[in-house]
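Listed here are the chains, written in short residue letters.
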Amino acid sequence: MKPTRGSSFLLAVIGVGLTVLLSVLFRNAHEVGEGITSARKVELVKRDQADNNSSPNAKRDAFVQALLDQMTPEELAMQIHMTFADSVVGPTSSNSLFSAATRYAPLGVVHDWYPLSPPPSPSNPDPNLYNALQRLNLNFSSSTPPFDSHTPIPFMQLGECLHGVGSFKQSMFPSPIALSSSWDEDLVYKVGRAIGTEARSVGIHACLCPVLDLGKEPRWGRVQEAWGEDYHLTTAMGVSFAWGLSKNATHAASDAVVPVVKHFIGHGSPQGGINAAPYTGSGVREFMMEFFRPFKAVLGRGGGRGVMMAYHEFDSVPAHVNPFFYDALFEEWGFDGFVMADDTGIRMLQNRHTVAPPVSSPLGDADTISQWLNAGGGIQFYDFSLDEWVNTIVSLLSNSTSNSTSPTSSPSLSLETLKSRVRGVLNVKWDLGLFRPLLSPGNDTEPVSTSSSGFVSSMSSSVGASTSRSTPQDNNSTSSRIGSDEDEDPNSSLFVPPSISTYYETLTAKHAPLTLEAARKAIVLLENRNGTLPIKLSNSSMDSIPKKIALIGPFGDILNYGDYSGPWGASPVPPSMSTSTSVVNASRIAGTLREGILGYLEEFNSEQSEEEGKVKLVTSVGTNTWLYNAQYGVPSYLLSPSNSTNSSVVDASNVHADSSRSHGLLATYYASTDFTDPRFTRVETPIRDWGLYPPFDSGLNTSSGSGKVVVLPSNNFSVIWEGELTAPVFDDVDADSSELNEVNGFIGVAVGPNTTARLFIDGEVVAESSYPPPAGLLSASSSSPTGSSSSSSSSSSSNLNPNGSSTFQTGTFLPNIEPFTYSIANATIPPPGAGRFTFEGGKKYTVKIEYQTWNLAVKLENVNSVNSQVGLWWNLVEQGSGKGTALPVQGDGEQNGEDKDESDLSLGVSKAVEIAKSSDLVILAVGANWNSDGESGDRGTLGLSANQTQLADAIFDLGIPVVLVLQGGRPFAIPKYYSRAAAVLDAFFPGQSGGQAIADVLFGAFNPGGRIALSVPYDASALPVYYNYHVTRHALSYTDIPSFPFYYFGYGLSYTTFSTSNFNASSSGGARTFASGETIAFHVTVKNEGGMAGSYVAQVYLLARVSNIVRPARQLVAFKRVYLDAGESQDVSMTLDVDEFLPIVNRRYEWELETGDYTFALLENGGPEVSTGINVTMTCVG
C-alpha cells in the first residue's frame, strides 16, 4: 500500500509555525469557496438529494443551513452558550428566571440540571420538569419575534455520566478504569446502555463521556476516568461504552444519548501528573498513532457526536486553539458534530496560557473569544457571563464587516465562521430528533415557518398556549400533543416519554444487578499465595476455616464510588434492593465490604449449632483514608427506623411500608422550616440532596402500596429523621478487652449553605451544624419539633446572633479534595460540625436529626448546583496518640519503609493492631478515596498515604495471613506489601455494589478474572512504566530499584487454571497474508482445566518488527474475555481491522501500511517475561 500524505506531514518538514499559517490560509480559502448565497446552497443540497439522495445527511444539511440563514447573531450566540440550570429554574424552582436567561434569544444548551421529576399522577399526568422547560422554550420561540420566523430550536441538555448519571441518585457503576479492567466489551456496552437510558429519563441529550485520554501518567488524579494506558484497549472500551450510550448510534431514540468524547487530545499524559500541565511524551507521531485513534474510532463508529477540548498545551499551543487538533478533527476525519470547551478552558487562554490578553485588557475577552471560535471551538463552558458572551460575539461580527486593514485592528469573527460553529450544534439536535415533532409531515427538507400550513395549530396544541414573558411557568395541560402518551415518537428525544419517565427509581432498581456484575468482573486478583482465597465456609472444611476474621482499615465500611460522585466520593445512592439469586442473602446487595462479609458469616453461623463453630468478625478502621480527619457517611445497613415515629401526623397513605424492617431512618418532611405542617414520611438514609427542586415522595413505597404523590410547596422546609444507629462490633469482648470494643471518635451532620442541623443521640444534643440560623429566620420558625425535650428546644430568637452561625452561609461539608497545605495544618482537628462521641461496639443508639433549610439565593455555576444537602457522618478513628503522632503526614510509603517501634504508633493504629492480633486472618482494606484521587487530586508518590502505611506496616508485622484489598483510582506502588500479602485484590472504585462484589470474590461466589489496564510501578520514580515501551527504555536498569513495573498491563490471576491451544490466524484475503481493507481473524481454543467456573482473557500482541520507525516491544491488537464452566473448552475468535490499527506514521509523517512479516503472539500479559512462543507470522502484501 502506498503512503498516504496527511496534513500533519508539514509539522515535520517546515515546523509548527508554518503549519498554523497554512491551516489558517486553508480554512480561509475554504470559507471563500463557500461564499455563495444561502439560497444557492440550499438549491445545491436539494439537487444532491434529488440525485438518488446521494448524501445521507442531505435533509439535515438543507434544513440546518436554511435555519442558520434565518437566525439573528444573538440566536447564533445563544446556541453555543451553556446556560447553568439554576439561572433559569430560580430559587422558587418555577423557571422564574427564564425571562432573564432568554433576554437575547431562546435557550440553546443547559447543564448542571438533572431534573428528577415526580411520577405522573391523576392530578398531574405530565409532571416532568424537563418537559415543562422545553415546552416553555419552544412556546417563547414560536410566539416572540424575530424567532417566530423560523422553526423553533429546542435546547439540548448536557450531563455528566462518567460511570453513572451526575444526579448521583441513579445507578453508580464502577469507574472507567475499573470497567476497563474487566476486559469485557459486552459488559461495558451494557453499562453504557443502562447509563444512557437513565440519562434520557431525566431529559439529558448528551453525556460528557467517555474520557478517551490514555492514562500514561498514573500520578494524574483523573487517571481513574481513563480506560487504561493502551490505545487499543481504550478504543475497544470507548467504542463499546459510547455504542451503549447512543443505543447503537440511534441518537434519536427516546432512550439514547449523544456521547461527547473528551479531552481532545493528550490530556492524560501531563508533566509530573499535574492536571492540565503541558503534555509529556514523544511528540506528533505518538499523537497520531496512539492518542488520535480512540477518538477517531468513537466519533466514526461509536456514535460520538460531540468533542470536549482539553486544558493542556501541546508543543506550546493550548489544546483549545491548537490547529493540529482541529485539522485532524474537521479536515481529516470530516467531523460535523459540535465542539465545546472544558470548564473555564477558554479563560485559561488568558489567565494561565497567556496567549490572549488578560481580562483587564480592553480587548481581552474579545481576543479570547475570537481565538476560540476562529480556531474551531463552539460551546463555551461557564467562561463568560451571558452578557459578555453575546455582546462580545456581536461586536466581533461588527469588526469583521469593517473596512479596517490595520494590523492593530480589533479581533473579529466572520458570520460564516459563527454559523459553522453553530452548525455542529444544530446537526446534533437534528440527529437527536429534536426537530422532528416540530416539522409538518412530508415537509422536513427545509424549515417550517409559523405561517406554514398546519404549523400554528400543531404548535399551539404541542407546547401550550402562548406564554407571556412575565409568566414563564409552563402550561402542563393534558391537551399537549407532543410528549403525550398517545403521540410518543420513538424517533425523537424532544420530550421524555412516559415509557421511560414513569419514575427514575424504577430504572435504578432494574439496573442494580448490573452494578454488581460490573463490580465483580472488574476485580483483579494480583496475588493468591497458597490458595488463601477463596475463604471456604463449609462444614466439610472446618479445620481450614478462620475462627476469627479481622477487617482492618479505613475502607472496610465506607462507600467508595470515586470521581464525580457527590460529597466524599460516595454519592447519595443507597445500595439497591435486589432479588438476584446469585447473591448470598439475596434480599439486599451490600454497599460496604463489612456489610458484604456479614452476609456470608451470618448465613454460615446460622447453621452452626455450637458457638465454637461460628466465625467471628471484628473491625477497626485504624486510621483515615487520607491525611486528615474526614467525614464518612454512616452506612444505611447500620441504621433502622424508630418504632416510635411521627408517622401518625401524616396521611396514612403516605407512610412508608414495612419501616420496621428497612434500612435507614424514618424521615418526616414538613412544608415549613419550623417543623409544622408535615406532608409525608419515608425511610431513607440522610446522605442526600434534592437537586434544584423541593422534595417529593413518589408514593411508590407506601403502606397502602398505592400512595399519592406529594411534593413540598417550596425549597424552604424542615425534616426530622429518627431511628436507631448500631455501632460496628470492634472487638469480640474477650476477657480484659472491653476497652477495645469502643472508639472515641466523631459524629455529625454536614449541611449545605443556608441550612442548620442538630443531632441528638439518646435524647442529648451531640453535634450541631451551622446552628443557630440568623435570628430573623429562626424567629419566623419559632415552633419546637414535636417530641423535643427541653434541652433540644430552639433558643429564643432574642438571644441569638443576628447573623447566626459562622458557617450558615457556607455549610459544613468538607470539600472532596483538600490541598496538601490543609493536611499539614489541620491533620488532627475535628471535621466541621463534629461532636466527640464514644461508640460502644454492637450497641444501638437512638438517633434524631432536626434539619432546617432556606433557599435564599440563586446557585452559581462551579460553586453549587443543589439547593440543599445533608450528610449524616461519623469518624471511627480513635482520636489522640501514643508516643508518636496521631496522623503522620510525611513519607511516601512506597518502598524501603523502616520498621516502626510499636510505641511510635498512633492510638488508632495501636488499637487496630490489638484487635487484629488474635485473629486467624486479616482483611486489610486500604487505598484511596476522592480526598486523594480525583480531579485536582494529583500525587507525587504512588504509595499508600503515610498514615495508612503506618497501619499496613503494623498489621503485616503481626505475622498473620493478610488479604490486601485495595480500592482507589490509580495503581499503588507498594511492592513490599504485594510481596508479603497472602492474597491481593484490586477493586478500584467499585460503584454502589462494591462491597457485595468484593465479598463475593473473597468467599468464592465469584471467580475473579479482571486484568489490569494500568501497569503497576515498583515506585513512582520509575515512571513512565507503560507496557508498550521502546526497547531502549529498559535496556539498562536503575542501580537502586527495578525500572520495570511490578505488575504489567494485562496481568491478573484466577482461582482456576486454563490452557490454550490451536492458536492461528487468517485474513479475509488469505490464510497467511493480509492487505489494506482486510480483517485479520485470530482463533484459539481455551479450556478451563480447574474445578471452578471462571474466565480467561485471551490477548494477542504484535511483536516488534523491522520497520521504518522504532516500534514498541509489543502492542496489543486483539483480546477477548471468555467465561467457562469447570472443564469446559471454547473456540475463541478475535478480529483486527488492518487499516484501523496496523498503519504507522513513517519518517515523513505519512500514514503507511508497511509490507513484510508481522508476528502476532498470544500472551498472558504485556510484560517482557511472558513467553512469546505461541505465535503466528503473517505477511502484509500491500
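Residues numbered from 1 in each chain as written. Predicted model: local features only at pLDDT ≥ 70, side-chain atom pairs only at ≥ 80, totals over all residues. Heavy atoms only, no water.

Participant: Quick question: what am I supposed to make of the sheet that holds strand E29 (residues 962–967) here?
Facilitator: In space, the six strands of this open sheet follow the order E11-E30-E29-E28-E12-E13, with mixed pairing throughout. Across the chains shown, the open sheet's two edge strands, defined by having one partner strand only, are strand E11 (524–528) and strand E13 (616–620). Each strand of the sheet is rotated relative to its neighbour by a mean of 15°, with strand direction disregarded. Looking at chain direction, strand E12 (residues 548–552) and E13 are connected through five bridges and run parallel. (Pairing = 2+ DSSP bridges. Helix = DSSP H or I, 4+ residues; strand = E, 2+ residues; numbered from the N terminus. Axes fitted to C-alpha atoms, helices over the stretch in contact; angles between N-to-C directions.)

Participant: Can you walk me through the packing of aromatic side chains in this structure?
Facilitator: Between two aromatic rings, the relevant description is the distance of the centres plus the angle of the planes. Going through the model one piece at a time under the given rule, you end up with 62 aromatic pairs. For the ring pair tyrosine 279 and phenylalanine 291, a centre distance of 5.9 Å and an interplane angle of 90° mean the geometry is edge-to-face. One end of the pair, tyrosine 279, is in the loop between strand E6 (258–264) and helix H11 (284–301); the other, phenylalanine 291, is in helix H11, and 12 residues separate them in sequence. Centre to centre, the rings of phenylalanine 839 and tryptophan 874 are 5.6 Å apart; their planes meet at 85°, and the pair counts as edge-to-face. Here phenylalanine 839, found in strand E25 (residues 835–840), pairs with tryptophan 874, found in strand E27 (residues 869–875); they are 35 residues apart in sequence, far enough to count as distant. Owing to a relative accessible area of 1%, phenylalanine 839 belongs among the buried residues under this scheme. Using a relative accessible area of 4% as the deciding quantity, one classes tryptophan 874 as buried. Seen from the ring of tyrosine 1026, lysine 216 lies directly overhead, with NZ or CZ sitting 4.2 Å from the centre. We note arginine 758 situated over the ring of tyrosine 771; from NZ or CZ to the ring centre the distance is 4.5 Å. (Phe/Tyr/Trp six-rings, centres within 6.5 Å; stacked < 30°, edge-to-face > 60°. Buried < 20%, exposed > 50% of the residue type's maximum accessible area, 1.4 Å probe, protein only. Lys NZ or Arg CZ within 6 Å of the ring centre and 35° of its normal.)

Participant: I keep staring at the environment of valine 1084 and nothing clicks. Help me out?
Facilitator: Position of valine 1084 among the secondary structure elements: in strand E33 (residues 1079–1088). Judged by its relative accessible area of 2%, valine 1084 is buried. As a C-alpha pair, valine 1084 and leucine 1162 span 78 residues in sequence and 8.8 Å in three-dimensional space. Once residues lying within four places of it in the same chain are set aside, the contact partners of valine 1084 are Thr1060, Ser1061, Asn1062, Phe1063, Ala1098, Gln1130, Asp1131, Val1132, Met1134 and Leu1162. (Contact = heavy atoms within 4.5 Å.)

Participant: What am I meant to see in the sheet that holds strand E3 (residues 109–111) here?
Facilitator: Sheet strands pair by backbone hydrogen bonding; their relative direction is either parallel or antiparallel. Overall, parallel pairing links the seven strands, which are arranged E2-E3-E4-E5-E6-E7-E10 in an open sheet. Each edge of the open sheet carries a strand with a single partner, namely strand E2 (82–84) and strand E10 (338–340). Here strand E4 (residues 156–159) pairs with strand E5 (residues 206–207) via two bridges, running parallel. Residue pairing across strands places leucine 158 opposite alanine 206, the latter belonging to E5. On the sheet, H11 packs against E6 and strand E7 (306–309) and is oriented at approximately 165° with respect to E6.

Participant: Before we go on, may I ask you to explain the nonpolar core in this structure?
Facilitator: Within soluble globular proteins, side chains that are nonpolar generally end up buried alongside one another. One finds Leu924, Leu1002, Phe1082 and Phe1160 to be the most contacted residues of the largest nonpolar core, which totals 308 residues. With 10 residues, the top contributor of residues to this core is H11. Leu942, Ala973, Ala1020 and Val1025 belong to the second-largest nonpolar core, a separate cluster that totals seven residues. (Core = buried A, V, L, I, M, F, W, Y, C linked by side-chain atoms within 4.5 Å.)

Participant: Just checking my understanding: could you explain the state of the cysteines for this structure?
Facilitator: Covalent bonding between the sulfur atoms of two cysteines is what defines a disulfide. Tallied over the entire structure, the rule returns one disulfide. At a sulfur-sulfur separation of 2.3 Å, the disulfide partner of cysteine 161 is cysteine 207. With the S-S dihedral at roughly -65°, the linkage between cysteine 161 and cysteine 207 falls on the left-handed side. In this pair, cysteine 161 sits in the loop between E4 and helix H8 (176–181) while cysteine 207 sits in strand E5, placing the two residues 46 residues apart along the sequence. (Disulfide = S-S within 2.5 Å.)

Participant: Sorry if this is basic, but what is going on with the pattern of salt bridges here?
Facilitator: Under the criterion given, the structure shown has 42 salt bridges. For the salt bridge of aspartate 431 with arginine 305, the shortest nitrogen-to-oxygen distance reads 2.7 Å. One end of the pair, aspartate 431, is in helix H16 (residues 415–431); the other, arginine 305, is in the loop between H11 and E7, and 126 residues separate them in sequence. The residue glutamate 768 makes a salt bridge to arginine 758 at a minimum N-O spacing of 3.0 Å. Remark: arginine 758 occurs in strand E23 (residues 755–761) and glutamate 768 occurs in strand E24 (residues 764–769); sequence separation between them is 10 residues. (Salt bridge = Lys/Arg side-chain N within 4 Å of Asp/Glu carboxyl O.)

Participant: Where do I start with the packing of helix H14 (residues 364–375) against helix H15 (residues 386–400) in this structure?
Facilitator: Where H14 contacts H15, the two axes come as close as 10 Å, and the packing angle between them is 80°. By the angle between their directions, the pair H14 and H15 is classed as roughly perpendicular. Along the contact surface, H14 presents Asp365, Ala366, Ile369, Ser370, Trp372 and Leu373, while H15 presents Glu388, Trp389, Thr392, Ile393 and Leu396. Each residue belonging to the contact of H14 with H15 can be placed in one class, and the counts come to seven nonpolar, two polar and two charged. (Parallel < 35°, antiparallel > 145°, perpendicular 65-115°, else oblique. Nonpolar A, V, L, I, M, F, W, Y, C, P; charged D, E, K, R; others polar.)

Participant: Just checking my understanding: could you explain the packing of helix H20 (residues 512–522) against helix H27 (residues 994–1002) for this structure?
Facilitator: When two helices pack together, you describe them by how their axes are tilted relative to each other and by the distance separating the axes. The contact between H20 and H27 brings their axes to 8 Å, and the two run at 50°. With respect to H27, the axis of H20 lies oblique. Remark: the crossing between H20 and H27 carries right-handed chirality. Along the contact surface, H20 presents Leu516, Ala519 and Arg520, while H27 presents Gly994, Gln996, Ala997 and Asp1000. Considered class by class, the residues forming the contact of H20 with H27 number three nonpolar, two polar and two charged. (Left-handed = near helix turned anticlockwise from the far one by under 90°.)

Participant: What exactly am I supposed to notice about unusual backbone geometry here?
Facilitator: Note on backbone geometry: most residues besides glycine have negative phi, and most peptide bonds are trans. With an omega of 0°, the peptide bond between lysine 262 and histidine 263 qualifies as cis. One can find histidine 263 in strand E6. Each neighbour pair has its own omega, and for leucine 1023 with proline 1024 the value is 0°, a cis peptide bond. Mapping proline 1024 onto the fold places it in the loop between H27 and strand E31 (1058–1067). Here tryptophan 183, not a glycine, exhibits a phi torsion of approximately 50°, which is positive. Tryptophan 183 sits in the buried class, given a relative accessible area of 1%. In the Ramachandran plot, asparagine 1062 falls in the positive-phi region, its phi being about 60° despite a non-glycine side chain. Examined against the element boundaries, asparagine 1062 turns out to sit in strand E31. We classify asparagine 1062 as exposed; its relative accessible area is 56%.

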